[in-house]
Amino acid sequence: MRTHNVPPMSASRWVLSVLIVCHLCALIVGALPDPGQLQQVTSARQPAGNPLSAALTPRLDTAAAAFSRIHDICWKATTPLHGFANWYVGLSGLGRQRWRMFMNPPTYDEYLKARYYVGPPDAKRAQWAADELIFPTHREDQIRLFQSYRDSYTDKAIALALAGFFLPPEEVTESANQKQKSEGLVPVVRYYSNRFAVRHLLPDERILRTELWLARVPNAAPGTNADPGVMQARQAVLRRYYDGPIEERPYIGSYTLTRLMEREADLAWVMEYGR
Amino acid sequence: MWMATAARHDLVRRWETFWFRQVSPHSYALLRMLFGLIGFASVLGMTPVDQFWTPDGLFGVPADGLGFKAQVVSLGYGTFAGRAFFVILLVSFAALAVGYSTGAAIVACFVGSVFQPLWNWLPLSAAHHVVVVVLFCLLWVDCGRVWSIDAWRARRRGTPPAPAPDDPVWPLRLIRFQVALIYLNSGLWKFNGELWRDGSAVHYATALNVFHRFPSDVPAALDWLSTVGTYATLIWEIGFPLMVLHPWTRRFALIVGVLLHIGMGVTLELGPFSAIMIASYVAFLDPDVVARIRWRPFAFRIARPRESREAAIR
């Protein structure tokens, strides 16, 4: 009886209700990843790690395989809505709801250094060269406090540039992605070259070539400690870089356009990009 | 027939109460202040200005075609535009935090934040995306009616804003939905990752040299802790949307969330991400409790309710 005395919902609220429902639907549908972006769960693993991991991993692997089948069904069922969802989240500025933070944390430490070859403007050969560690921005032998907040933006920019450069082939489908991949490290080279030139070059010198060298060092597996001797050797190498660019004067070699490799302690530097 | 009509009316009434009941504006004001402050700190973090905002910096290569960015850069106005963009966004977030010309400030913050990845996506992380989606929800409500310079100026002019409560709850509910979706989505992506299922993800995440705050790694003897942390994070993130449905479990979910994000903030350098996620939890607090916060210099307290909760809602 009481419900008959309640005034009906206003027309504006009905309209707003429809918009809210559409908004929520678009967010949910827009959050569904393309099945091709998901890792395939092939079989249940049997890790020999700690008891908790050993007990849960095979069960979770089985559950993940089942979940991927459910996801496929959801993806196919919502296919007619994908166009609307993408249009709406793009138009509204909300973007695709892909919250992949730490989805697949790397199992290795990453270091990036820039090598600058310097000489007179018209020189064919470099007179001197310098190596500068540019990533990560902070020192590893100190606790990161307030400055690291700003450093985190620099690290993010370099990490995204690297990710663009190493974009997996299956994601290089659109022309924008291809461009991002080929030019991913251009901003890094350009910015650090300019900075080095302003800080370290004389008026009659210029950078003839800049290279980016990447080192990836596997981290200790769970349940194991990193070898202290190896870590100390690496820290000793890194400390030389923390004092500023390491100069080689005069530079007697000649730079090459091929992909090279160098080793310092456990850091195996690979020349990934030169310009 | 009568029963079906009554049930339909009841459903509509519940729907209307759920989305359109009026709440005090203080939750919106607190979200405005927190996201204004965090947005301000985020923009300020992207300095020196020429490093992140101008074409000579760590600046994504302009796209081909007739894009605005490519046009501006090719005309030689890239440096000016980047610096102007930085100043406008910084001032907008400051205005949002203090509630000065709040309506214009929140539009400027939202539009600027949406435009930011188009200008330079390189320094932006998921934290930026969270700010965008929360600002989108705050666009639809006047969040400068209390705890703002706008309200203070209105009082001085003798035209105080309408007495609270009279803001609709639906933008607050949209923020709740959005935050729940973030955790669910993040949890399901993690569930797809092998390292999360075998319990080693937290071990590897805390060991990463780009993020870890302390020079030394977690000793192997404490590895069980990272395994527990991995599974607890997975369960908590996927379970978050369910836990926030009921007040008891919601309290648990939020406390765990605060502890988790503080733990992440202490051990890893993730920029403003932890602060942003904790700030978003304001949307889950009872608006009437938030309305009773009394600000004092360097301290605040929550006043006792002077009227029943039902009366306050009405």
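1. Looking at the packing of aromatic side chains
Stage number 1. Enumeration over the complete set of coordinates arrives at 29 aromatic pairs over all chains.
Stage number 2. Taking the centre distance of 5.0 Å and the plane angle of 80° together, the rings of Tyr-191 of chain A and Tyr-192 of chain A count as edge-to-face. Taken as a pair, Tyr-191 of chain A and Tyr-192 of chain A share a single burial class, namely buried.
Stage number 3. Arranged with centres 5.7 Å apart and planes meeting at 80°, the rings of Phe-136 of chain B and Trp-140 of chain B form a pair that is edge-to-face.

2. Here's the deal with the pairing of strand S5 (residues 261-264) of chain A
In summary, the side chains of a regular strand alternate between the two faces of the sheet.
All names here are of chain A.
Stage number 1. When S5 meets strand S6 (residues 267-274), the two strands line up antiparallel, connected through four bridges. From the neighbouring strand, Glu-262 faces S6, where its bridge partner is Trp-269.
Stage number 2. Connecting S5 to the antiparallel partner S6 that follows it, the hairpin turn spans two residues, and Ala-265 within it adopts a positive phi of roughly 50°.

3. Considering the environment of Asp-227 of chain A
Stage number 1. Following the sequence through the fold, Asp-227 of chain A ends up in the loop between strand S3 (206-218) and helix H8 (228-242).
Stage number 2. Under the relative-accessibility criterion, Asp-227 of chain A is labelled partly exposed at 45%.

4. Focus: the interface of chain B and chain A
Stage number 1. At the junction of the two partners, chain B supplies 89 residues and chain A supplies 91 residues.
Stage number 2. Between chain B and chain A lies a buried interface of about 8000 Å² when both sides are counted; carbon and sulfur atoms form 65% of it.
Stage number 3. Linking chain B with chain A are two salt bridges, by the criterion used here.
Stage number 4. Scanning the region where chain B abuts chain A turns up 36 residue pairs in polar contact (both at pLDDT 80 or more).
Stage number 5. Top contributing element to the side of chain B that touches chain A by residue count: helix H9 (residues 170-192) of chain B, with 13 residues.
Stage number 6. The class makeup of the residues in the side of chain B that touches chain A is 55 nonpolar, 22 polar and twelve charged.

5. A word on the environment of Ala-81 of chain B
All names here are of chain B.
Stage number 1. Within the element layout of this structure, Ala-81 appears in helix H5 (residues 78-98).
Stage number 2. Separated by 94 residues in the primary sequence, Ala-81 and Ile-175 place their C-alpha atoms 32 Å from one another.
Stage number 3. Not counting the four nearest positions on each side in its chain, Ala-81 is found in contact with Val-72 and Trp-119.

6. Here we look at the packing of helix H2 (residues 26-45) of chain B against H5 of chain B
All names here are of chain B.
Stage number 1. In the contact formed by H2 and H5, the axes pass within 7 Å of each other and the chain directions differ by 155°. As the angle between them shows, H2 and H5 are arranged roughly antiparallel. Remark: the crossing between H2 and H5 carries left-handed chirality. Each of Arg-32, Met-33, Phe-35, Gly-36, Leu-37, Gly-39, Phe-40, Val-43 and Leu-44 in H2 lies in contact with H5, whose residues at this interface are Phe-86, Leu-89, Leu-90, Phe-93, Ala-94, Leu-96, Ala-97 and Val-98.
Stage number 2. Residue composition of the contact of H2 with H5, by class: 14 nonpolar, two polar and one charged.

7. Looking at the pattern of salt bridges
All names here are of chain A.
Stage number 1. In the structure shown here, the tally under the stated rule is 22 salt bridges over all chains.
Stage number 2. For the salt bridge of Arg-234 with Asp-109, the shortest nitrogen-to-oxygen distance reads 3.2 Å. In this pair, Arg-234 sits in helix H8 while Asp-109 sits in strand S1 (residues 108-119), placing the two residues 125 residues apart along the sequence.
Stage number 3. A single salt-bridge network, built from bridges that share partners, covers Lys-113, Arg-115, Asp-131, Arg-240, Glu-262 and Glu-264.

8. A word on the pairing of strand S2 (residues 128-135) of chain A
All names here are of chain A.
Stage number 1. Of all eight residues in S2, eight are buried; the element is thus mostly enclosed.
Stage number 2. Where S1 and S2 come together, seven bridges link them in antiparallel fashion. Counted as the bridge partner of Lys-113 is Leu-133 from S2.
Stage number 3. One ladder, built from three bridges, connects S2 with strand S4 (residues 246-248); its direction is antiparallel. From the neighbouring strand, Asp-131 faces S4, where its bridge partner is Ile-246.

9. Some words on the sheet that holds S6 of chain A
Within a sheet, neighbouring strands are paired by backbone hydrogen bonds and run either parallel or antiparallel to one another.
Residues and elements named next belong to chain A.
Stage number 1. Pairing is antiparallel across the open sheet formed by six strands, whose spatial order is S4-S2-S1-S3-S6-S5. Looking at which strands have only one partner, the edges of the open sheet turn out to be S4 and S5. Strand-to-strand twist across the sheet, computed as the mean angle between neighbouring axes with direction ignored, equals 30°.
Stage number 2. Across the sheet, helix H5 (residues 147-165) touches S1, S2, S3 and S6, and the angle it forms with S2 is around 105°.

10. Digging into unusual backbone geometry
Stage number 1. The step from Arg-249 of chain A to Pro-250 of chain A runs through a cis peptide bond, and the omega angle for that step is -15°.
Stage number 2. Locating Pro-250 of chain A in the fold gives a position in the loop between S4 and S5.
Stage number 3. Cis geometry is adopted by the peptide bond preceding Pro-48 of chain B, which originates at Thr-47 of chain B and carries an omega value of 0°.
Stage number 4. Within the fold, Pro-48 of chain B resides in the loop between H2 and helix H3 (49-52).
Stage number 5. Positive phi is not limited to glycine here, since Ala-265 of chain A has a value of about 50°.
Stage number 6. Counting through the fold element by element, Ala-265 of chain A comes out in the loop between S5 and S6.

11. Details of the state of the cysteines
Stage number 1. Tallying each qualifying case throughout the model produces zero disulfides over all chains.
Stage number 2. There is no disulfide at Cys-74 of chain A, and the cysteine sulfur nearest it, in Cys-25 of chain A, is 13 Å away.
Stage number 3. A residue is classified by how much of its surface remains accessible, and Cys-74 of chain A, at 35% relative accessible area, is partly exposed.
Stage number 4. Between Cys-109 of chain B, a free cysteine, and Cys-143 of chain B, which holds the nearest cysteine sulfur, the sulfur-to-sulfur gap is 9.8 Å.

12. Digging into the nonpolar core
Stage number 1. Leu-112, Val-188 and Leu-212 of chain A together with Phe-240 of chain B are the most contacted members of the largest nonpolar core, which totals 125 residues.
Stage number 2. Setting aside chain neighbours within four positions, we find Val-188 of chain A in contact with Leu-112, Ile-134, Ala-161 and Leu-212 of chain A together with Leu-58 of chain B.
Stage number 3. Formed by twelve residues, the second largest nonpolar core is a distinct cluster that contains Tyr-111, Leu-133, Val-237 and Tyr-242 of chain A.

About the thresholds
- Residues numbered from 1 in each chain as written.
- Chains lettered and ligands numbered in written order.
- Predicted model: local features only at pLDDT ≥ 70, side-chain atom pairs only at ≥ 80, totals over all residues.
- Heavy atoms only, no water.
- Phe/Tyr/Trp six-rings, centres within 6.5 Å; stacked < 30°, edge-to-face > 60°.
- Buried < 20%, exposed > 50% of the residue type's maximum accessible area, 1.4 Å probe, protein only.
- Pairing = 2+ DSSP bridges.
- Helix = DSSP H or I, 4+ residues; strand = E, 2+ residues; numbered from the N terminus.
- Contact = heavy atoms within 4.5 Å.
- Buried area = accessible area lost by both parts, 1.4 Å probe.
- Salt bridge = Lys/Arg side-chain N within 4 Å of Asp/Glu carboxyl O.
- Polar contact = N/O pair within 3.5 Å; in protein donor to acceptor, adjacent residues only side chain to side chain.
- Nonpolar A, V, L, I, M, F, W, Y, C, P; charged D, E, K, R; others polar.
- Axes fitted to C-alpha atoms, helices over the stretch in contact; angles between N-to-C directions.
- Parallel < 35°, antiparallel > 145°, perpendicular 65-115°, else oblique.
- Left-handed = near helix turned anticlockwise from the far one by under 90°.
- Disulfide = S-S within 2.5 Å.
- Core = buried A, V, L, I, M, F, W, Y, C linked by side-chain atoms within 4.5 Å.

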